[in-house]
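# Geometric and topological summary
Single-letter residue listing:
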Amino acid sequence: MSQVFTPNSELQHLAGQPIAEIATTLTINGVERQLVIEPWTTLLDLLRDKLDLIGTKKGCDHGQCGACTVLIDGTRVNACLKLAVTLDGCEITTIEGLGQDGNLHPLQAAFIEHDAFQCGYCTPGQICSAQGLINEGRARTRLEVREQMSGNICRCGAYTNIADAVLEVLESMERA
Amino acid sequence: MNAPQKVGIGTPLSRVDGVAKVTGTAKYAAEYRVPDMLYGVTVVSAIAKGRIVTLNEEAARAVPGVIDIISHLNRPKHAWFNRSWKDELKIPGEPFKAFHDDRIQFAAQPIAVVVAKTFEAARFAATLVDVKYETEPHNIDFETSLAEKFMPGVGHRRNTYHPPKDHGDAERAFGEAPLQHAAEYHLAVEHQMQMEMHASTVHWHGDGTVTIYDKVQGSQTSKELVASAFGLGEKNVRVVNAFVGGGFGGALRPQWQLHVATMAAIHLQRSVRVVMTRSQMFSHAHRPECTYQIRLGAAADGKLVAVLGDATTSTSRFESNMEDIVTWGMMNYACSNIQGSYAIAPRDTYTSADMRAPGAATGMTLFEIAIDELAYKAGADPLAFRLLNYSDIDNMNRKPFTSKALREACHEGAERFGWAKRSPEPRSMKEGRELIGWGVATGLWEANFMKTSASAKLSADGHLEVASAASDIGTGTYTVMVQVAADTLGLLPESITARLGDSDLPTAPVEGGSWGAASTGAAVQLACQTIAKKLLKAAGGVEGRPFHDVSSIDELEFAGGYMIRRGDPTRRVGLLDAMRAGGLDVIEAQETASPGIGGMISLATKARNTHSAVFVEARVDEELDQVRITRVVIAVAAGRIINPKTARSQILGGVVMGIGMALHEETAPDKTLGKWINHSFGEYHVPAHADIEDIEVIFVDEPDPEVTPLGVKGLGEIGIVSVAAAVVNAIYHATGKRVRSLPVTVDKLLAV
Ligand code: FES
Ligand code: FES
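Here the structure is a predicted model, which means the values were calculated and not measured.

With that settled, the discussion passes to the sheet that holds strand E21 (residues 496-499) of chain B. Residues and elements named next belong to chain B. With mixed pairing, four strands are arranged side by side in an open sheet as E21-E20-E19-E25. Of all strands in the sheet, those with a lone pairing partner are E21 and strand E25 (586-593), marking the two edges. Averaged over all pairs of adjacent strands, the angle between their axes in this sheet comes to 15°, without regard to strand direction. Both strand E19 (residues 452-459) and E25 contribute to a ladder of eight bridges, which runs antiparallel. Looking across to E25, one finds that Ser453 is bridged to Thr592. Running over the sheet, helix H12 (residues 477-489) touches strand E20 (464-467) and E21 and is turned about 135° from E21.

Have a look at this one:
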């Protein structure tokens, strides 16, 4: 028995083509950056590989896990699904921009307090997603938080603690 | 003067690595910045079995930025002998060696790596590698593979395997039993699906040494493998796994990306990073598929008279992975006629692997469904039925337990759950359009202890560092180390740093089997006790010699930065004052915790296990058969709890994965193509936020100074065991439908 596989044969002719580079301006965590980006680079790979902002995680690269969640102009987005060059002029907030050691964001503090993670790999995505959820202003109850956080998988199974942490911050904001 | 408050074992300290994790500064294997690093993307086989005829690299090499392509055709030399490729688990057989030759043994086997200046160029070029294969007939269907099932001979079995021990005449007792139950149970293949994909960043220093940041549950097993398989030599390899984005057993064995990245680095004499894709994560470790025939016989009063089990689990054609499946049921209940058999069935996949509570999560869970069925046949309450057949000893090995507080767990769990309010009839509880069911199951796992070393170093500025080559895969090892050190030396957690995840640190085993807290904790305690002894000696130089009559640290209390004479808190010496008096800038110690002679005797004569009682409320839509798990109460008997906060999380995680096992998780084979069909997060379903409602965790008091030096039994695995059984039992109670094949998907419920 013999078989031949020629993967991606329709793209073979592109093999030798030079890769374009496109000037793009992004404001990342409050700092404006003039970047030259290849059009096939996702926002996720730009952050992790080119800018060393490794807080944003890659769990699937296919928009199926939420580990790469960042805020683009305040809206939560899977960074693996965005080509960076399409974001010219956008404001991007990553976990590094939300809070730092000694200056924790309330969500970060609540996640620690409620032990809302174990391995920590989904955590930056969960926290950015929770901030996005707060910005959207549609979640009030635990049921709504759970439903609207369902794009963020936690294989360690910290869900109940994550819901506790997010609700605590939501409620404290409502009181304020 | 009162003794200062102790901060240490038993306190709910927040994770000491918490800030790093919530701010995104914790670095995982693919996140280390290494100068001039290249990116490797792996090409995997499109067929399940056969050989590579040609690898046409022309188009791939034409992509700008591509540096080289490495495959079996041009790889650097690697070791020929299988023993050079064995990892710490020592699975019998022929270990997989990436790029070894042109043979294809399983679908998505790594066959080449494209190395480029950017990830994107490597990724694109990898799709252009044109491979011609010669295929051979393959089989990945479990049913079909059963025709080839076998039991490996002595010497060819996994060293963790425990053969079932028969007692009495189970066949006859079953045949004569007034109450009988016989059925076949099944568990689908599951994948560990850790969030972090397997990655290795090889830092090529250029002087013959390498540092490898690897995704693995033990830095030293990767180091040894790389050193021996690629001839780099032990002293030239350092492996770091300071943070691991989940393990669940899937990273116990170094994975193929380590082979690939190391070969690329050696070939190019450069630093290289290789990360698996999510789809490639399905190409290796997975929980074996299982079929389990269970026969149970009981007397008219419900007392078990016969337990018989025959199970088979899946493995690859090149290695014999084995689990304990039938033993749990034989151990757990009082029954004088027991019999078990086990075999493995080979198929053309990668070798199955340990996944959270390997063996028990399958065998105990399926057994607890069968017990439930018998309880209904006996007309008994399922919890009362279990207590009726309660065994105070390990029923198979006929040994007493060091401790077993399962009865207490059953009572406390039932109380909290409100079990007494349960209406016994199936399909008798309803609210709105949902049927409600309450199910119970009990869990059993091992309390393990492994030889582990740790060091401790106290500096004159009051800072203590404790270190061990252990791993923290989310288990809280960093935090446990700090707490044990704080407890032993009476220091504040803030003044203690724990280091782990580095092969240069004192020897520790892979993180698995729930032995981490007990073993690493014991090693840290020993190292800190040695520091304490040195401090006591140094205190001899303190003015007034307040400890002139103290000969052992047992006569002292360590708290609040002081050593204090027990019974006389006025006699105290600050730790740093003692160091000054002894003229010491720093005190160092390294110790190894091992079972010792007493421990070995206890190991031979006593059973050591954790237990749990799981109560589940399921709500099932009467028309759609859609299942929600609205409430779980799990009561765990696991000895001493070092940190109730992180301990609870470990159990929560186990329960969530157990719900996944019950309702969602299944990797389905495409029998024709010989590959897993659903190799993505989109199609391999794990529980999401919306699936998880209320979970309550109870730790039952179970003092056990004998089981391990700290009285700790371990928690990483007991949380998953039998959760799926409690779910299945709750679904039965809700609907009257008994599904014997996990996961219980809607189609299976509709078909009953
Ligand atoms: S990495 Fe983007 S959703 Fe998974
Ligand atoms: S904390 Fe490990 S995946 Fe969420």
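Our next topic: the side chain of Ser649 of chain B. Within the element layout of this structure, Ser649 of chain B appears in helix H16 (residues 644-663). If we ignore the near neighbours within four places in the chain, the residues touching Ser649 of chain B are Asp115, Gln118 and Asn161 of chain A together with Arg15 of chain B.

Further remarks concern the interface of chain B and chain A. Facing 76 residues of chain B, the contacting portion of chain A comprises 67 residues. Where chain B touches chain A, the interface holds nine salt bridges. Salt-bridge contacts for Arg146 of chain A lead to Glu693 of chain B; the nearest nitrogen and oxygen are separated by 3.6 Å. Summed over the shared surface of chain B and chain A, the number is 28 residue pairs in polar contact (both at pLDDT 80 or more). Counting residues per element, the ones that place at least two in the side of chain B that touches chain A are helix H1 (18-23), helix H2 (58-62), helix H3 (119-128), strand E6 (130-135) and H16 of chain B. Broken down by element, the residue count for the side of chain B that touches chain A peaks at nine residues, all from H16 of chain B.

Residue and element names in this part refer to chain B. Considered domain by domain, chain B is made up of domain 1 (18-23 + 450-593), domain 2 (32-137 + 195-246 + 251-283) and domain 3 (170-190 + 286-448 + 603-751). The C-alpha-based centres of domain 2 and domain 3 are spaced at 37 Å. Taken residue by residue, the interface counts 21 residues in domain 2 and 20 residues in domain 3. Across the domain 2/domain 3 interface, buried area totals approximately 1,700 Å², and carbon plus sulfur atoms make up 59% of it. Applying the counting rule to domain 2 against domain 3 returns two salt bridges. One salt bridge connects Asp348 with Lys49, and the closest N-O pair in it is separated by 3.3 Å. Between domain 2 and domain 3 we count six residue pairs in polar contact (both at pLDDT 80 or more) in total. Partitioned by chemical class, the residues of the side of domain 2 that touches domain 3 number twelve nonpolar, five polar and four charged.

The subject of this paragraph is the sheet that holds strand E26 (residues 609-621) of chain B. Residues and elements named next belong to chain B. Here five strands make up an open sheet; going across it, the order is E17-E18-E26-E27-E30 and the pairing mixed. A strand with exactly one partner marks an edge of an open sheet, and here the two such strands are strand E17 (429-431) and strand E30 (694-699). Averaged over neighbouring strand pairs, the angle between their axes works out to 25° when direction is ignored. In this sheet, strand E27 (residues 627-637) lies alongside E26 in antiparallel orientation, the contact comprising ten bridges. Within the sheet, the bridge partner assigned to Val620 lies in E27 and is Val627.

Quick reminder: α-helices carry 3.6 residues per turn. Residues three or four places apart thus point the same way. All names here are of chain B. With twelve residues, helix H11 (residues 406-417) should reach 16 Å at 1.5 Å per residue; the first-to-last C-alpha distance of 16 Å fits that figure. Residues of H11 that are buried: Leu406, Ala409, Cys410, Gly413, Ala414 and Phe417. For H11, the angular spread of buried residues about the axis comes to 120°, placing them on one side. Looking at the buried residues of H11, the elements they touch are helix H10 (382-388), strand E18 (434-446), E26, E27 and E30. Positive backbone phi, approximately 85°, marks Gly418, located one or two places after H11.

Residues and elements named next belong to chain A. Inspection of the secondary structure puts Leu87 in the loop between strand E5 (75-78) and strand E6 (91-93). A relative accessible area of 4% means that Leu87 is categorised as buried. For the pair formed by Leu87 and Leu43, sequence separation is 44 residues and the distance between their alpha carbons is 8.5 Å. Sequence-distant contacts of Leu87, defined by excluding residues within four places in its chain, comprise Thr25, Leu26, Leu43, Ile72, Lys82 and Ile92.

All names here are of chain A. For chain A, the domain assignment lists domain 1 (19-98) and domain 2 (106-175). Inter-centroid distance (C-alpha atoms) of domain 1 to domain 2 is 22 Å. Summed over both partners, the interface of domain 1 with domain 2 buries about 1,300 Å², with 56% contributed by carbon and sulfur atoms. Together, Arg76, Ile95 and Leu98 form the three largest contributors to the area buried by domain 1 at its contact with domain 2, with a combined 43%. There are one salt bridge connecting domain 1 and domain 2. Here domain 1 is connected to domain 2 by nine residue pairs in polar contact (both at pLDDT 80 or more). Contributions of two or more residues to the side of domain 1 that touches domain 2 are made by strand E4 (69-72) and helix H2 (95-98).

Thresholds, definitions, all that
- Residues numbered from 1 in each chain as written.
- Chains lettered and ligands numbered in written order.
- Predicted model: local features only at pLDDT ≥ 70, side-chain atom pairs only at ≥ 80, totals over all residues.
- Heavy atoms only, no water.
- Pairing = 2+ DSSP bridges.
- Helix = DSSP H or I, 4+ residues; strand = E, 2+ residues; numbered from the N terminus.
- Axes fitted to C-alpha atoms, helices over the stretch in contact; angles between N-to-C directions.
- Contact = heavy atoms within 4.5 Å.
- Salt bridge = Lys/Arg side-chain N within 4 Å of Asp/Glu carboxyl O.
- Polar contact = N/O pair within 3.5 Å; in protein donor to acceptor, adjacent residues only side chain to side chain.
- Domains from an automatic or database assignment.
- Buried area = accessible area lost by both parts, 1.4 Å probe.
- Nonpolar A, V, L, I, M, F, W, Y, C, P; charged D, E, K, R; others polar.
- Expected span 1.5 Å × (residues − 1).
- Buried < 20%, exposed > 50% of the residue type's maximum accessible area, 1.4 Å probe, protein only.
- Arc of directions from axis to C-beta.

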